[in-house]
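Observations on chain architecture
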Amino acid sequence: MDVATARMRLESMLAELDRSISVLRGDPVAGRDRSLADAGADLTDADRTRAMLDAASRQRTAVLAALRRLDDGGYGRCVDCGTLVPEGRLEARPEAARCVQCQSRAERRR
Ligand SMILES: [Zn+2]
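Residues numbered from 1 in each chain as written. Predicted model: local features only at pLDDT ≥ 70, side-chain atom pairs only at ≥ 80, totals over all residues. Heavy atoms only, no water.

**Here's the deal with the coordination of the zinc ion**
Stated formally: With water excluded from the atoms, a metal site may look incomplete; its donors are any N, O or S atoms within 2.8 Å, or within 3.2 Å for Na, K and Ca. Irregular is the default label, applied whenever a site is not tetrahedral (four donors, all angles between 85 and 135 degrees) and neither square planar nor octahedral (four or six donors, opposite donors over 155 degrees apart, all other angles between 65 and 115). Strands are runs of DSSP state E lasting at least two residues, helices are runs of H or I lasting at least four, and both sets are numbered from the N terminus onward. Accessible area is worked out with a 1.4 Å probe on protein chains only. A residue is then buried under 20% of its type maximum, exposed over 50%, and partly exposed in between.
For the zinc ion, every protein donor is listed as C78 (SG), C81 (SG), C99 (SG) and C102 (SG), and the spread of their distances is 2.3 Å. Geometry at the zinc ion is tetrahedral, judged from the four donor atoms that bind it and their angles of 105 to 116 degrees at the metal. Each donor residue of the zinc ion lies on one chain, and together they are spaced C-x2-C-x17-C-x2-C. Taken together, the residues span a long stretch of sequence, with C78 in the loop between α3 (39–72) and α4 (87–92) and C99 in the loop between α4 and α5 (100–109) at a distance of 21 residues. When its relative accessible area of 4% is taken as the criterion, C78 is described as buried. We classify C99 as buried; its relative accessible area is 6%.

Honestly, it's all geometry; don't read function into it.
Here it is in structure tokens:
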């Protein structure tokens, strides 16, 4: 994948994430006038919204970091070991910062 394609895909992902995040932030559940009866259900909805918002924010951070790597020329190389991230992996996840080995190591650390 060439740099121009990567940038285009990352920028459209970023736009998509920004849209999701603003929808999630404006979720009517948060401001809804609720009775005690459905307070439990609302809590579940609010939790789900927060979880989705967390995931979207994390991905947004990853996309922004990938765009920065495009600018400084480090894009496509694993941030941990410096080897080239396989083309197929970047096709699937243009925001990927690590090769598969380092990514699974990083996830085990969590
Ligand atoms: Zn690596």
